[in-house]
Amino acid sequence: MRALGIILAGGNSKRMKELSHKRAISAMPVAGSYRSIDFTLSNMTNSHIQKVAVITQYNSRSLHEHLNSSKWWDFGRKQGGLYTFTPTVTPDNSNWYRGTAESIYQNILFLKRSHEPYVVIANGDCVYKMDYNKVLEYHIAKKADITVVVKDMPADAEIERYGTVKMNEDFRIEEFEEKPMVVKSTTVSCGIYVIRRRQLIELLEKCAEEGRYDFVQDILIRYKDVKRIYGYKINSYWRNIASVEDYYGTNMDFLKPEIRNYFFKQHPDVYSKVDDLPPAKYNPGAQVKNSLISSGCIVNGTVENSILFKQVFVGNNCYIKNSIILNDVYLGDNTHIENCIVESRDTIRANSYHVGENGIKVVVEKNERYVL
Amino acid sequence: MIKKEMIAMLLAGGQGSRLGVLTSKMAKPAVSFGGKYRIIDFPLSNCINSGIDTVGVLTQYQPLKLNTHIGIGIPWDLDRNIGGVTVLPPYEKSGNSEWYTGTANAIFQNLEYMENYNPDYVLILSGDHIYKMDYEVMLDFHKESGAEVTIASMPVPIEEASRFGIVIADEKKKITDFEEKPENPRSNLASMGIYIFNWKTLKEALIAKADQPALDFGKHVIPYCFEKGAPMYTYEFNGYWKDVGTLSSYWEANMELIDIVPEFNLYEEYWKIYTKSDILPPQYIASNSVVERSIIGEGSEIYGQVYNSVIGCGVVIGEGTVVRNSIIMNQTQVGSNCIVEKAIIDEYVQIGDNVELGTMEEKENDTKPGIYNHGLVTIGEKSIIPSDVKIGKNSVVSGVTDSNDYPDGILDSGKTLIKAGE
């Protein structure tokens with residue numbers, strides 16, 4: 001492909017509550033076997049993008065662990081491959097990334113030394129499948145300066161946490177508001193942009209000169225009347241996971257056959273780091289209904305309408321309903337979990353009782369697993 | 001300069017004909033095991049876990065599946081700059097070219113491969129056993145005892161010893177004699193077919209015996225070294241070790257994995273078994289399904305009932321279907337309202353609706369009773385079985401079949417239905 005990829009994976013969100021204490025949103029486990037960033041990475045590799053930079057900043061340990069090898073996404077290449085960029089101290093700069101635009105600007109040499117004519121910028125906290133070639137073709141056909149992927153959201157979505165756009169009949173973006181107080185449009189930006197590489201370098205350098213740091217505020221919104229910014233509307237599944245409710249909802253979507261089919265069975269596949277876990281094991285007493293179970297799990301109790309991530313142990317007589325149990329959780333006997341998200345690597349003692357009464361409860365107990 | 005202390009040579013070229021149709025299109029080491037693994041994963045994982053990073057895999061019979069599975073060795077971390085895994089098929093030579101005619105002949109034809117790594121020791125393995133073993137401990141024993149050849153052996157019940165090659169050793173484990181399938185065994189130590197040779201000893205023996213037709217380790221090379229007076233010791237292994245050479249032992253070994261605490265435990269953090277995973281998504285268990293005492297691989301979808309079974313990756317079990325005591329391998333689809341009893345169903349099989357497997361009265365197999373027995377139903381790779389048919393016990397089906405192949409919708413127990421069709 002004639003583009004390189006940049007994945008913005010440095011962000012944090014207060015809306016993730018305790019779940020973001022351990023990791024950046026892009027490293028959140030999704031759909032049993034994946035991490036959020038796998039979707040964008042897989043889209044990039046499936047779009048034949050050869051060279052991808054992941055820009056990280058907030059709480060990036062877990063994310064870097066996940067990206068410790070690029071081979072899972074077929075980025076183990078001599079030409080191109082996978083790059084991760086974290087903020088570094090240099091003689092001219094000792095700042096963290098103060099915004100999305102600056103995070104790319106601080107790595108502008110990567111852009112300058114590349115030869116691909118276009119850049120695809122995407123975030124790492126959305127669950128979707130996309131062929132970026134289609135967006136690029138559209139971008140070229142529209143003679144756009146920047147193309148923004150947009151989607152119509154249902155009216156009950158939390159639109160205030162997105163950037164909203166209004167387009168004319170030619171799909172040129174005329175209004176763009178970031179996290180609006182009053183929602184005037186239900187068409188939101190998906191945070192996926194296509195732009196010519198030289199154009200991007202020029203805009204970023206201008207931003208830096210003026211002391212501006214944010215890609216949306218200081219480029220998309222500021223230049224919307226000067227540059228030709230177009231919307232590329234999608235109708236396929238796309239969901240951002242950056243709040244507890246949306247994270248829960250996105251995972252639960254995978255219990256629907258059409259969503260599972262779309263992501264797991266239809267071409268192209270979504271890739272992830274392989275963990276070498278044995279098959280899931282169901283012992284006598286296991287009762288599993290309408291649930292997703294990942295490899296390495298051992299189930300002795302009841303699991304209903306739930307998602308067990310990898311290596312979860314469910315003790316005897318447990319009852320788990322409408323819940324998400326993240327990786328490597330040990331649930332002691334007789335535990336009752338309902339409407340919860342249980343944080344990864346936790347140990348829930350026997351006879352525990354957790355129910356999310358008003359909405360989803362995030363369970364973090366931090367018990368020791370082995371008491372010597 | 002390249003130097004590896006010990007390299008492994010893994011014999012993976014045999015057909016394993018006692019596994020019947022399971023090995024009609026692939027070598028035995030490539031046969032699935034335990035839901036997501038293949039038999040060769042066990043020796044390969046043992047190698048890397050034992051610190052052996054140079055493994056030559058000798059292939060001959062139907063190697064395609066094995067080759068694609070091994071690739072460049074990524075799943076086992078055997079993709080190395082120097083060493084790693086190398087697939088070694090027989091090749092044409094300027095003089096007399098030949099296939100691998102015996103286990104030791106295969107190693108002899110690859111002397112050059114071993115020479116490249118300048119090893120002190122060579123480990124000879126076979127690709128058809130299920131076990132976890134630290135070859136490094138065996139090497140330590142080999143060095144300490146001053147052996148030139150060490151044979152791994154394990155104690156078996158004395159009444160079964162007459163089925164094995166038996167080694168007789170003194171109290172220091174120095175081998176004093178051998179017996180091949182003896183009527184009155186003098187020892188219960190069965191050879192596991194795992195050898196460590198000093199490289200010089202191996203090379204000398206292989207060259208000396210090069211003209212022996214069908215050169216075999218057990219029959220020729222080991223006796224040659226023994227007669228020559230090379231010190232030979234036996235390393236006693238006491239862990240789990242299972243030969244899966246017959247359909248019934250293959251079925252039993254799989255069934256042992258579903259015990260509450262299996263003797264062969266795949267869930268331990270220590271000594272992981274690695275495999276190539278093509279399918280990643282979690283498995284889906286539907287609302288009306290029952291799954292008990294079973295293990296299930298990634299990406300499978302269960303809409304029916306599964307009891308006491310080993311289910312591979314990407315398998316679909318339709319609504320109303322009941323599966324008991326069976327092995328169903330990767331990517332197989334079973335329709336709805338079927339009954340599957342004590343069946344071994346290979347990969348990529350498609351079974352229609354209302355099919356009954358293994359429900360009728362047991363009869364001896366009409367063509368190969370020595371292979372298809374123990375009441376098992378065996379379905380070969382990529383077979384298609386139409387809806388509304390019954391297939392009896394000790395029967396075997398392979399290939400694309402349609403309702404004309406089942407008079408009155410029945411394939412009686414003990415029948416063989418093998419069709420070519422792709």
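Residues numbered from 1 in each chain as written. Chains lettered and ligands numbered in written order. Predicted model: local features only at pLDDT ≥ 70, side-chain atom pairs only at ≥ 80, totals over all residues. Heavy atoms only, no water.

### Structural notes on the overall build of chain B
Phase 1: Scanning chain B for helices and strands turns up eight helices and 33 strands.
Phase 2: What you see for chain B is a C-alpha radius of gyration of 23 Å, in line with the 22 Å of a compact globule of 422 residues.
Phase 3: In terms of overall dimensions, chain B has C-alpha extents of about 65 × 50 × 50 Å along its principal axes.
Phase 4: Taken over 422 residues, chain B has a buried fraction of 58%.
Phase 5: By sequence separation, contacts in chain B at least 24 residues apart represent 58% of the contacts at least 6 residues apart.
Phase 6: Carbon and sulfur atoms make up 47% of the accessible area of chain B, which amounts to about 16900 Å² in all.
Phase 7: Across chain B, the centroid of the 36 positively charged side chains sits 3 Å from that of the 57 negatively charged ones. (Helix = DSSP H or I, 4+ residues; strand = E, 2+ residues; numbered from the N terminus. Rg over C-alpha atoms; globule rule 2.2 N^0.38 Å. Buried < 20%, exposed > 50% of the residue type's maximum accessible area, 1.4 Å probe, protein only. Contact = heavy atoms within 4.5 Å. Areas by Shrake-Rupley, 256 points an atom, 1.4 Å probe, with all protein chains shown as cover. Lys, Arg positive; Asp, Glu negative; His and termini not counted. Charge placed at Lys NZ, Arg CZ, Asp CG, Glu CD.)

### Regarding the interface of chain A and chain B
How large an interface is tends to be reported as the accessible area lost when its parts come together.
Phase 1: Each partner contributes to the interface: chain A provides 38 residues, whereas chain B provides 42 residues.
Phase 2: Summed over both sides, the interface between chain A and chain B buries roughly 3000 Å², with carbon and sulfur atoms accounting for 53% of that surface.
Phase 3: Our enumeration of links across chain A and chain B arrives at three salt bridges.
Phase 4: The partner of Glu-301 of chain B in a salt bridge is Arg-260 of chain A, with the nearest N and O atoms 3.4 Å apart.
Phase 5: Across the contact surface, chain A and chain B share 20 residue pairs in polar contact (both at pLDDT 80 or more). (Buried area = accessible area lost by both parts, 1.4 Å probe. Salt bridge = Lys/Arg side-chain N within 4 Å of Asp/Glu carboxyl O. Polar contact = N/O pair within 3.5 Å; in protein donor to acceptor, adjacent residues only side chain to side chain.)

### Regarding the sheet that holds strand β18 (residues 302-304) of chain A
Across a sheet, strands are paired by hydrogen bonds formed along the backbone, either parallel or antiparallel in direction.
Residues and elements named next belong to chain A.
Phase 1: If you trace the five strands from one edge of the open sheet to the other, you get β15-β18-β21-β24-β27, paired in parallel fashion. Of all the strands in the sheet, just β15 (287-289) and β27 (353-355) have a single pairing partner and so form its edges. Mean inter-strand twist for the sheet, computed between neighbouring axes without regard to direction, equals 5°.
Phase 2: Across three bridges, strand β24 (residues 336-338) lies against β27 in parallel orientation. Bridged to Ile-337 within β27 is His-354. (Pairing = 2+ DSSP bridges. Axes fitted to C-alpha atoms, helices over the stretch in contact; angles between N-to-C directions.)

### Focus: the environment of Phe-197 of chain B
Residue and element names in this part refer to chain B.
Phase 1: Tracing the backbone shows Phe-197 in strand β11 (residues 189-198).
Phase 2: Sequence spacing of Phe-197 and Pro-75 is 122 residues, and the spatial spacing of their C-alpha atoms is 27 Å.
Phase 3: For Phe-197, the residues in contact, after removing those within four places along its chain, are Asp-120, Tyr-121, Val-122, Ile-124, His-142, Glu-148, Val-149, Leu-202, Phe-217, Val-221, Ile-222 and Cys-225.

### Considering the pattern of salt bridges
Phase 1: Throughout the structure, instances matching the rule amount to 45 salt bridges over all chains.
Phase 2: Ionic pairing is found between Arg-161 of chain A and Asp-246 of chain A, a salt bridge with its closest N-O pair at 2.7 Å. Here Arg-161 of chain A is found in the loop between β8 (146-152) and β9 (163-167), whereas its partner Asp-246 of chain A is found in helix α8 (residues 244-253), with 85 residues between them in sequence.
Phase 3: Residue Asp-246 of chain A is classed as buried on the basis of its relative accessible area, which comes to 11%.
Phase 4: Here Asp-412 of chain B makes a salt bridge to Lys-363 of chain B, at a shortest N to O gap of 2.3 Å. You can see Asp-412 of chain B sitting in the loop between β32 (410-411) and β33 (416-418) and its partner Lys-363 of chain B sitting in the loop between β27 (356-357) and β28 (377-379), a full 49 residues away along the chain.
Phase 5: Accessibility expressed as a relative area gives 24% for Asp-412 of chain B, which makes it partly exposed.
Phase 6: Looking at Lys-363 of chain B, the relative accessible area reads 42%, which means it is partly exposed.
Phase 7: Each of Arg-15, Glu-158, Arg-161, Arg-239, Asp-246, Asp-253 and Lys-256 of chain A takes part in salt bridges that share partners, so that together they form one network.

### Remarks on empty space enclosed by the protein
Phase 1: Under the criterion given, the structure shown has four cavities of 30 Å³ or more.
Phase 2: The computed volume of the largest cavity comes to approximately 90 Å³.
Phase 3: What lines the largest cavity is simply Ser-33, Lys-273, Val-274, Asp-275, Asp-276, Leu-277, Ser-295 and Lys-310 of chain A together with Lys-36, Ser-277, Leu-280 and Glu-298 of chain B.
Phase 4: For the lining of the largest cavity, a count of residues per class yields three nonpolar, three polar and six charged.
Phase 5: The volume enclosed by the second largest cavity comes to roughly 40 Å³.
Phase 6: What lines the second largest cavity is Thr-164, Val-165, Lys-166, Glu-175, Phe-176, Glu-177, Lys-184 and Ser-185 of chain A.
Phase 7: At the level of secondary structure, the elements contributing two or more residues to the lining of the second largest cavity comprise β9 and β10 (173-178) of chain A. (1 Å grid on protein atoms, 1.4 Å probe; cavity = no way out; pocket = protein on both sides within 12 Å on 5 of 7 lines; lining within 4 Å. Points joined across faces, edges and corners; volume = space filled by probe spheres on them. Nonpolar A, V, L, I, M, F, W, Y, C, P; charged D, E, K, R; others polar.)

### Quick look at the sheet that holds strand β28 (residues 361-363) of chain A
Phase 1: Pairing within the open sheet is mixed, and its eleven strands lie in the order β28(A)-β25(A)-β22(A)-β19(A)-β16(A)-β14(B)-β17(B)-β20(B)-β23(B)-β26(B)-β29(B). Each end of this open sheet is capped by a strand with a single partner; those strands are β28 of chain A together with β29 (384-385) of chain B.
Phase 2: As paired elements, strand β14 (residues 283-285) of chain B and strand β17 (residues 301-302) of chain B share two bridges and run parallel to each other. Bridging from a neighbouring strand, Tyr-284 of chain B pairs with Glu-301 of chain B of β17 of chain B.

### Details of the state of the cysteines
Phase 1: In the structure shown here, the tally under the stated rule is zero disulfides over all chains.
Phase 2: Cys-313 of chain B takes part in no disulfide bond, and the closest cysteine sulfur to it belongs to Cys-297 of chain A, at a distance of 14 Å.
Phase 3: We classify Cys-313 of chain B as buried; its relative accessible area is 6%. (Disulfide = S-S within 2.5 Å.)

### Let's talk about the layout of surface pockets
Phase 1: Each pocket or cavity is described by its volume, and for the second largest pocket that value is around 1200 Å³.
Phase 2: Lining the second largest pocket are 48 residues, and of these Leu-277, Gln-311, Asp-328 and Arg-345 of chain A together with Glu-269 of chain B sit closest to its centre.
Phase 3: Listing elements by their share of the lining of the second largest pocket, those giving two or more residues are β3 (34-35) and α2 (61-66) of chain A.
Phase 4: Ranked by residue count, the leading element in the lining of the second largest pocket is α2 of chain A, at four residues.
Phase 5: Along the lines of polarity and charge, the residues of the lining of the second largest pocket split into 19 nonpolar, 13 polar and 16 charged.

### Some details on the side chain of Asp-253 of chain A
Residue and element names in this part refer to chain A.
Phase 1: Locating Asp-253 in the fold gives a position in helix α8.
Phase 2: Of note is the side chain of Asp-253, whose polar atom sits 2.9 Å from the side chain of Lys-256.
Phase 3: With near-sequence residues (within four places) excluded, Asp-253 lies in contact with Tyr-237, Arg-239 and Ile-259.

### Brief notes about the pairing of strand β4 (residues 51-55) of chain A
Regular strands place their side chains on alternate faces of the sheet.
Residues and elements named next belong to chain A.
Phase 1: Burial runs high along β4: five of the five residues are buried.
Phase 2: On β4, burial covers both faces: Lys-51, Ala-53 and Ile-55 on one face and Val-52 and Val-54 on the other are all buried.
Phase 3: Of the pairings in the sheet, the one linking strand β1 (residues 3-8) to β4 comprises four bridges and is parallel in character. Paired with Gly-5 across the bridge in β4 is Val-52.
Phase 4: Summarising the sheet, β4 and strand β5 (residues 81-85) pair through five bridges and their orientation is parallel. Bridged to Ala-53 within β5 is Tyr-83.

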